[in-house]
Amino acid sequence: MKIACVGAGPAGLYFAISMKLRDMRHEIEVFERNAPGVTFGWGVVFSDLTVDNITRNDPVSAEIITAEFAHWDDIDVHFKGETVTSGGHGFIGIGRKRLLEILQNRARELGVVLHFDAECDPADRKWRNYDLVIASDGINSRFRDAQPEAFGVDVDVRSNRFVWLGTSKVFDAFTFAFEKTEHGWIWAHAYRFAPDCSTFIVECSEETWARLGFDRMSQEESIDACEKLFANYLDGHLLQSNATHLVGSAAWLNFRRIKCERWSSDNVILLGDAAHTAHFSIGSGTKLALEDAIKLADVLNRKSLSLEAALDEYQAERSLEVLKLQNSARNSTEWFETLERYTHFEPLQFAYSLLTRSQRISHENLRLRDREWLEGVERWFWKRATNGRSNRTAPPMFAPFRLREMEVQNRVTVSPMAMYSAVDGVTNDFHFVHYGERAIGGAGLIFTEMTCVSPEGRISPGCTGMWNPQHVAAWKRIVDFVHAQSKAKICLQLGHSGGKGSTKLGWEGNDVPLDTGNWPVMAASDVPWSPVNQVPKPMTRSDMDTVRQQFVAAVRMGLEAGFDMVELHAAHGYLLSSFITPLQNRRLDQYGGSLEGRLRYPLEVFAAMRAAWPSDRPMSVRISANDWAGEDGITPADAVQIGEAFAREGADLIDVSAGQTWAGQQPVYGRMFQTPFSDRVRNEGRLATMAVGNIYEPDHANSILAAGRADLVALARPHLVDPFWTLRAAAQLDYRDIAVPPQYLNGMAQLARNLKRDAESAAALRV
Ligand SMILES: Cc1cc2nc3c(=O)[nH]c(=O)nc-3n(C[C@H](O)[C@H](O)[C@H](O)COP(=O)(O)OP(=O)(O)OC[C@H]3O[C@@H](n4cnc5c(N)ncnc54)[C@H](O)[C@@H]3O)c2cc1C
Ligand SMILES: Cc1cc2nc3c(=O)[nH]c(=O)nc-3n(C[C@H](O)[C@H](O)[C@H](O)COP(=O)(O)O)c2cc1C
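Structure report, in brief. As a convention, each chain's residues are numbered from 1 in the sequence order in which they are written. Each chain is given a letter, starting from A, and each ligand a number, starting from 1, according to the order in which they appear as written. Per-residue local features of the predicted model are confined to residues with pLDDT of at least 70, and side-chain atom pairs are confined, for both listing and counting, to 80 or more; whole-chain, interface and lining totals are unaffected and use all residues. Hydrogens and water molecules were not included; the side-chain quantities draw on all heavy atoms of the structure.

1. Observations regarding the site of ligand 1
- If you check the shell around ligand 1, you find 33 residues, and the closest are Ala11, Glu32, Arg96, Asp273 and Thr286.
- Polar contacts here mean pairs of N or O atoms no more than 3.5 Å apart (in protein, one a potential hydrogen donor and the other a potential acceptor; neighbouring residues in sequence count only if both atoms are side-chain atoms). Contacts to ligand 1 include Pro10, whose backbone N or O atom sits 3.2 Å from an oxygen atom.
- At 2.7 Å from an oxygen atom of ligand 1 is found a main-chain nitrogen or oxygen belonging to Thr286.
- Here the accessible surface of atoms and residues is derived via Shrake-Rupley with a 1.4 Å probe, and residues count as covered only by protein chains that are part of the display. The protein chains hide 94% of the 990 Å² of surface that ligand 1 would expose on its own.
- No other element matches helix H10 (residues 285–300), which puts four residues into the shell around ligand 1.
- All residues other than Ala, Val, Leu, Ile, Met, Phe, Trp, Tyr, Cys, Pro, Asp, Glu, Lys and Arg, Gly among them, are scored as polar; the first ten of these are nonpolar and the last four charged. Residue classes in the shell around ligand 1 are distributed as 15 nonpolar, 10 polar and eight charged. One heavy atom within 4 Å of a molecule or strand is enough for the residue carrying it to be called near that molecule or strand. Note on conventions: DSSP H or I runs of at least 4 residues are helices, E runs of at least 2 residues are strands, and numbering of each starts at the N terminus.

2. A word on the environment of Leu755
- Summarising the element assignment, Leu755 is placed in helix H25 (residues 745–766).
- Assessed through its relative accessible area of 28%, Leu755 is described here as partly exposed.
- As a C-alpha pair, Leu755 and Ala739 span 16 residues in sequence and 19 Å in three-dimensional space.
- Here, two residues are considered to be in contact whenever any of their heavy atoms come within 4.5 Å of each other. Contact partners of Leu755, with chain neighbours within four places excluded, come to Arg728, Ala731 and Gln732. For the exposure calls, accessible area comes from a 1.4 Å probe over protein chains only, and a residue counts as buried if that area is under 20% of its type's maximum, exposed if over 50%, partly exposed in between.

3. Re the pattern of salt bridges
- Whenever Lys or Arg places a side-chain nitrogen within 4 Å of a carboxyl oxygen from Asp or Glu, that contact is recorded as a salt bridge. On inspection of all chains with the given rule, the structure shows 53 salt bridges.
- Notably, a salt bridge pairs Glu407 with Arg402, separated by 3.5 Å at the nearest N-O pair.
- Residue classification places Glu407 among the partly exposed positions, given a relative accessible area of 28%.
- Two residues, Asp655 and Arg622, come together in a salt bridge whose shortest N-O distance is 2.8 Å. With a gap of 33 residues between them, Asp655 in strand E28 (residues 653–657) and Arg622 in strand E27 (residues 619–624) connect regions that are remote in the sequence.

4. Considerations on the sheet that holds strand E3 (residues 43–46)
- Two strands qualify as a pair provided DSSP detects at least 2 bridges between them. One open sheet holds the three strands; their spatial order is E3-E7-E4, and the pairing between them is antiparallel. A strand with exactly one partner marks an edge of an open sheet, and here the two such strands are E3 and strand E4 (70–72). On average, each strand axis in the sheet is tilted by 30° relative to the strand beside it, whichever way the strands run.
- Sheet topology places E4 next to strand E7 (residues 91–95); three bridges connect them, and they run antiparallel. In this description, a line fitted to the C-alpha atoms serves as the axis of each element, helices being fitted only across the stretch in contact, and the angle between N-to-C directions of two axes falls anywhere from 0 to 180 degrees.

5. Let's talk about the state of the cysteines
- When two cysteine sulfur atoms lie within 2.5 Å, the pair is treated as a disulfide. Applying the stated criterion to the full structure yields zero disulfides.
- With no disulfide of its own, Cys226 has Cys204 as its nearest cysteine by sulfur position, at a separation of 8.1 Å.
- Residue Cys452 stays outside any disulfide, its sulfur separated by 4.5 Å from that of Cys463, the closest cysteine.

6. Some thoughts on the sheet that holds strand E2 (residues 27–31)
- What the six strands build is an open sheet, ordered E8-E2-E1-E9-E17-E16; its pairing is mixed. Bordering the open sheet on either side are strand E8 (113–115) and strand E16 (264–265), each of which pairs with just one other strand.

7. Considerations on helix H8 (residues 219–229)
- Within the span of H8, buried status applies to Gln219, Ser222, Ile223, Ala225, Cys226 and Glu227.
- The secondary structure elements touched by the buried residues of H8 are strand E10 (153–167), strand E13 (197–204), helix H9 (231–234) and strand E14 (239–240).

8. Points about the site of ligand 2
- Inspection of the region around ligand 2 gives 17 residues, with Ser415, Pro416, Ala418, Asn694 and Arg717 positioned closest.
- Within the backbone of Met450, one N or O atom sits 3.0 Å away from an oxygen atom of ligand 2.
- Separating an oxygen atom of ligand 2 from a side-chain N or O atom of Arg622 is a distance of 3.0 Å.
- Isolated, ligand 2 exposes 600 Å² of accessible area, and the fraction of that covered by the protein chains is 83%.
- Looking at the shell around ligand 2, its residues break down into eight nonpolar, six polar and three charged.

Below, the structure is given as structure tokens:
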């Protein structure tokens with residue numbers, strides 16, 4: 001084939017090499033606008049996996065590249081005058097200029113023709129003379145941007161500013177240096193990539209950047225200012241730029257995340273940064289470019305594939321890899337964009353939060369990398385959790401947590417889950433066994449299902465209630481068992497179904513009205529949940545008084561039944577949530593309109609409940625922190641204000657759920673998918689929070705807690721099939737101090753031994 005590669009970056013050069021290696025008959029020309037040896041950027045980092053891939057593809061160039069790698073293990077985080085060092089991270093890096101030199105030499109050796117000082121114009125007719133034109137022309141690809149529709153280009157310009165500099169100061173560790181200025185935080189990502197040279201990327205928010213005057217500085221002035229700001233780390237070494245073609249503040253970029261729906265059009269194929277970008281803070285752009293090149297060369301040389309099938313396979317496989325990386329990169333980008341949220345942390349937790357920011361590195365990953373450091377984090381966590389009483393090293397999920405006078409023995413909670421098994425709201429033997437079993441299963445805190453304050457406030461005829469003495473007695477039996485037979489605390493979740501009421505049992509159809517015997521429903525406004533649901537009656541002031549009194553009466557009954565804690569359910573589109581979300585609240589009175597207006601009634605209810613509940617016992621509120629409706633609905637930013645408003649009324653914990661507030665929601669699911677909302681409410685609002693939503697491994701729980709993304713973690717569905725989730729986690733993590741029912745001690749010891757033996761065999765197999 002006759003092929004033109006536009007751009008002699010890692011993608012274009014490595015593709016040319018990979019094609020020649022597979023079939024020397026290909027005629028390949030690479031066109032580069034720059035002169036040889038002129039390039040932007042400094043060093044790039046690689047992973048071991050990338051090294052394996054390039055070694056398999058071309059051992060010759062891989063040998064030269066790997067021989068020149070700079071290796072380092074430690075990450076230093078400089079923050080608030082302290083340096084936190086953790087090890088075992090195993091980085092390798094090389095200068096970008098040197099990498100390109102090696103690839104250019106190898107390409108020439110294989111007969112690739114290289115043209116430098118050759119600016120390419122996509123409109124030029126000469127591209128028609130090539131079978132394929134590889135658009136490896138980088139993030140600002142002219143070839144991609146010439147046909148944005150054909151490629152389905154999606155660009156997301158991120159808010160922080162960064163500049164890619166170099167320095168002769170040799171950093172022994174991968175260094176993050178955070179500096180507080182009177183205009184906000186600014187930080188550097190620095191690492192050595194040659195014996196005498198390091199990359200030094202400076203980043204800050206757009207506001208800090210402007211306030212520091214970088215928008216009005218020449219490049220030299222910018223560099224001067226950065227040298228002053230980071231003088232403590234540079235030991236007199238200078239910073240340098242090689243983006244000399246960029247004038248003034250233009251060297252400061254906003255990262256652009258690129259995604260393309262299609263990676264080829266006519267004879268043009270996108271490769272590397274032209275097709276996709278991943279934020280520099282996870283350092284994977286070059287890896288993606290090299291791996292794209294290998295895959296594209298592979299499919300184009302597979303005789304059994306037509307060109308169309310080859311390109312389909314190329315995009316299908318590579319876009320999956322890119323998606324995974326872009327997801328991690330998004331988390332990492334956002335962490336740096338919302339840095340000020342974490343600057344109240346102590347240095348150790350700040351460093352932990354930084355290391356786990358992309359969710360690719362978890363608590364147990366960190367243990368593998370640097371056991372001693374991680375144990376230091378665990379010791380710190382326990383010390384804080386116990387006000388200095390304990391100095392132990394143990395997983396954060398087992399640390400106690402205090403809310404007012406209630407202390408839970410660990411941070412795992414059984415999330416509220418409707419069982420739809422009550423008759424006339426009365427709990428029965430099913431509930432007795434269900435809650436009892438979960439209490440002895442080891443979780444620190446058990447939530448009841450949404451227990452309704454009136455018969456009309458039920459979701460379904462099977463919902464539990466708290467409106468008459470029979471309910472109190474039946475709940476008391478359960479609460480007494482939990483207290484007598486376990487160390488768990490139990491929280492009564494109280495709610496009213498609003499417009500989502502009068503529906504079938506969960507497993508007969510979610511939110512589907514009853515076939516017969518429907519009761520009238522009311523909500524903030526006359527907005528039905530869906531076309532098949534009833535149109536609710538908008539609540540009058542007198543309805544509001546009645547419902548508030550029902551909540552208060554239920555709180556008093558909860559006290560009589562012996563509950564340790566009460567939660568108000570103000571999430572998921574039920575009555576109080578229908579006031580908070582603008583998607584359901586159309587009221588024109590003081591209970592609608594602004595967020596303040598929409599919160600007025602839910603806060604009134606909460607305050608009345610709080611007044612009826614003893615001041616030494618805690619209360620929480622469950623909120624939907626995101627309507628998954630963009631700016632039209634509740635956003636995570638609103639959630640901070642909602643949390644703060646409830647906290648002012650005496651809420652001790654914000655239970656941060658999301659969604660289910662309108663039928664058209666578009667949630668973005670994934671592991672721990674709602675935890676970022678808890679993180680935001682906790683660290684922007686400085687409130688205690690509980691995270692929930694697809695948290696299912698002990699490792700998730702420990703990572704969330706140690707990184708300060710929540711104070712408690714709630715697991716719902718995992719507890720449906722495994723009431724003993726917490727005991728199992730304790731056995732797995734070899735944590736012995738958990739309360740185990742004496743009847744089960746034998747089984748627990750056996751499980752711990754078996755899991756330990758399995759882990760040792762798995763480790764031996766890996767070696
Ligand atoms: C601050 C920063 C730090 C980074 N750190 C890392 C890291 O640590 N590890 C990592 O793996 N990646 C890192 N990256 C990303 C990495 O630089 C890119 O992902 C990688 O360079 C992509 O390779 P490429 O060949 O697709 O594009 P590029 O390297 O951008 O190459 C494109 C080439 O095309 C040329 N070109 C463009 N248009 C034309 C034209 N019209 N005519 C002729 N030539 C043209 C350009 O001059 C350039 O040489 C970082 C990026 C930034 C911004
Ligand atoms: C069967 C079932 C019933 C639920 N009932 C309630 C409920 O009564 N109150 C509530 O606030 N959330 C309820 N939820 C939501 C859960 O508490 C939790 O927020 C959600 O399932 C996400 O957590 P998970 O991924 O751990 O399951 C219910 C979830 C399930 C699966």
